[in-house]
Amino acid sequence: GSGPRDTAASFGTGHHGASSWALRKQRSLRHLRRRRLTAARRAEGKGGRERKGPMSGPPSASAAAAAPPCRSFSSVPLRHVKAISCLSKDEINRIVSLATDMKTNPGAYSDALKQCTLLMLFEKPSLRTRVSFETGMTQMGGHAIFYSIADSPLGKKESLSDTGKVLSRYADFIMARVNKRTDIKELAEVSTIPVINALDDYAHPCQMLADLLTIVENKGRSEDLKLAFFGDVANNVTYDLMRLGSILGMEIAVCGPVDKGDDFAVEQSVVDECKQLGGNVLITCDVEAAASGSDIVYCDSWMSYGIPDSEAEERKQIFMPYQVNDSVMEMTNPDSIFMNCLPAARGLEQTASVIDGPKSVVFDQAENRMHAQKALLYVLKYGF
């Protein structure tokens with residue numbers, strides 16, 4: 001997938017741009033490694049014959065100590081990303097700018113996370129999350145470990161406190177895709193390495209970064225846009241889209257059966273948070289009011305993970321009035337785009353003519369998970 005890539009300069013990495021910024025970081029790191037290696041060689045020479053020229057064979061213990069693994073290098077303040085609102089507007093824009101550069105110049109970052117390990121905890125399955133994170137770590141010289149907690153939930157055999165402390169001794173980052181927001185919160189409270197929420201029942205910040213990268217590629221900006229979400233508004237994607245729009249200055253409309261009771265309504269805590277962020281958010285049952293003037297149309301599955309199949313037919317009847325079809329797209333701006341975080345069910349949350357039509361950017365959006373997450377990992381390691 002590809003799109004316009006000339007917008008990075010407007011996204012706040014300073015005069016030199018994202019590539020120069022990243023190179024300065026890498027040069028500084030290489031300089032530090034050389035100094036430590038030189039010091040180790042000198043120390044080794046004092047205890048015996050001084051080495052001449054490059055080292056050969058396995059490194060000595062002192063040389064290995066001079067080039068410690070990834071987790072030992074950083075003096076960057078510890079950050080956890082539990083929701084998109086854990087990041088400021090400037091930080092979000094910097095991540096998108098860096099992701100744009102990584103997408104264009106992947107080779108410049110091929111050893112950026114050398115010897116770093118990402119531990120991936122999965123309670124909920126996901127094709128895109130696992131493959132994008134694992135491939136991204138490999139592309140930057142690091143390693144990712146998949147660990148399923150579906151059959152051994154966090155906090156059962158071992159306390160979350162103990163789990164977080166142990167994992168902090170092994171890895172450089174923790175990524176967790178779980179059922180409950182409280183698991184992410186508790187894990188972050190005790191971990192001494194960054195914790196990334198790869199989805200819980202309250203937020204999906206990695207998806208937001210990928211979505212924004214896709215929007216910028218297609219629109220050239222993130223402000224002064226209207227995004228309309230249709231369908232199940234009581235979910236993590238909707239909540240973080242509302243937060244993202246409130247942070248960046250987008251107009252957000254979420255449209256669904258909010259008149260059907262609490263199970264279908266936006267949580268009040270999200271509404272309150274968006275108000276505090278200065279957001280312009282419309283929550284409505286009116287499809288035309290939501291679609292009119294929209295630059296981005298977005299929908300998600302009506303059957304999120306954990307919803308029993310026995311509810312499928314009932315939910316279909318409830319959500320069908322909010323399906324994104326050709327009629328809905330005709331209400332939007334002529335140059336609008338269509339997004340879905342996938343997986344998608346043609347004939348349900350959207351028609352095939354929409355998701356497979358000329359306005360659809362869903363596969364660029366899916367690809368951008370990898371680029372955005374690479375950028376996120378990079379800034380968590382090296383800072384903004």
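Below, the structure is looked at part by part. Computed from a predicted structure; not experimentally measured. (Residues numbered from 1 in each chain as written. Predicted model: local features only at pLDDT ≥ 70, side-chain atom pairs only at ≥ 80, totals over all residues. Heavy atoms only, no water.)

**Comments concerning the sheet that holds strand β2 (residues 143-148)**
- Taken in spatial order, the 4 strands line up as β2-β1-β3-β4 in an open sheet, and their pairing is parallel. Each edge of the open sheet carries a strand with a single partner, namely β2 and β4 (195-197). In this sheet, adjacent strand axes meet at a mean angle of 20 degrees when their direction is disregarded.
- Note: strand β1 (residues 117-122) against strand β3 (residues 173-177), 5 bridges, orientation parallel. When the bridges of β3 are listed, Leu119 appears paired with Ile174. (Pairing = 2+ DSSP bridges. Helix = DSSP H or I, 4+ residues; strand = E, 2+ residues; numbered from the N terminus. Axes fitted to C-alpha atoms, helices over the stretch in contact; angles between N-to-C directions.)

**With respect to the side chain of Ser360**
- Tracing the chain through its elements places Ser360 in the loop between α13 (352-355) and α14 (362-382).
- Engagement of the side chain of Ser360 in a polar contact is seen with the backbone oxygen of Ile355, the distance being 2.7 Å.
- Other than its neighbours up to four places away in sequence, Ser360 contacts Phe338, Val354 and Ile355. (Polar contact = N/O pair within 3.5 Å; in protein donor to acceptor, adjacent residues only side chain to side chain. Contact = heavy atoms within 4.5 Å.)

**A closer look at the sheet that holds strand β6 (residues 251-255)**
- The strand order β7-β6-β5-β8-β9 describes an open sheet built from 5 strands, whose pairing is parallel. Edge positions in the sheet fall to β7 (280-284) and β9 (337-340), since each has one partner strand and no second. Neighbour-to-neighbour, the strand axes of the sheet open up by a mean angle of 20 degrees, direction not taken into account.
- Alignment of strand β8 (residues 296-299) against β9, held across 4 bridges, turns out to be parallel. Note that in β9 the partner of Val297 across the bridge is Phe338.
- Docked against the sheet, helix α7 (residues 205-219) engages β5 (226-230), β8 and β9, running at close to 165 degrees with respect to β9.
- Sheet contacts for α14: β8 and β9; angle to β9, the most-contacted strand, approximately 50 degrees.

**Notes on the pairing of β7**
- Two elements, β6 and β7, share 5 bridges in a ladder whose sense is parallel. Considered in β7, the bridge of Val254 is made with Ile283.
- In this fold, β6 hands off to helix α9 (residues 268-276), which returns the chain to β7; that crossover is right-handed. (Right-handed = clockwise from strand over helix to strand, strands pointing away.)

**Concerning the packing of α7 against α14**
- In the contact formed by α7 and α14, the axes pass within 7 Å of each other and the chain directions differ by 115 degrees. What the angle tells us is that α7 and α14 run roughly perpendicular. As for how α7 packs across α14, the hand of that crossing is right-handed. Of the residues in α14, those in contact with Cys206, Gln207, Leu209, Ala210, Asp211, Leu213, Thr214 and Glu217 of α7 are Asp364, Gln365, Asn368, Arg369, His371, Ala372, Gln373 and Leu376.
- Broken down by class, the residue content of the contact of α7 with α14 amounts to 6 nonpolar, 6 polar and 4 charged. (Parallel < 35°, antiparallel > 145°, perpendicular 65-115°, else oblique. Left-handed = near helix turned anticlockwise from the far one by under 90°. Nonpolar A, V, L, I, M, F, W, Y, C, P; charged D, E, K, R; others polar.)

**What to know about the pairing of β6**
- Counted residue by residue, β6 has 4 buried out of 5 residues, so it is predominantly covered.
- Pairing of β5 with β6, which is carried by 5 bridges, proceeds in the parallel orientation. By the bridge assignment for β6, Phe230 is matched with Cys255.
- Note on the crossover from β5 through helix α8 (residues 236-248) to β6: the handedness is right-handed. (Buried < 20%, exposed > 50% of the residue type's maximum accessible area, 1.4 Å probe, protein only.)

**Re the pattern of salt bridges**
- Tallied over the entire structure, the rule returns 14 salt bridges.
- A salt bridge links Arg79 to Glu91; its shortest N-O distance comes to 2.9 Å. Taken together, the residues span a long stretch of sequence, with Arg79 in the loop between α2 (61-66) and α3 (89-104) and Glu91 in helix α3 at a distance of 12 residues.
- The shortest N-O distance in the salt bridge between Glu223 and Lys89 comes to 2.5 Å. Of this pair, Glu223 sits in the loop between α7 and β5 while Lys89 sits in helix α3, placing them 134 residues apart in sequence.
- Sharing partners across several salt bridges, the network here consists of Arg181, Asp201 and Glu267. (Salt bridge = Lys/Arg side-chain N within 4 Å of Asp/Glu carboxyl O.)

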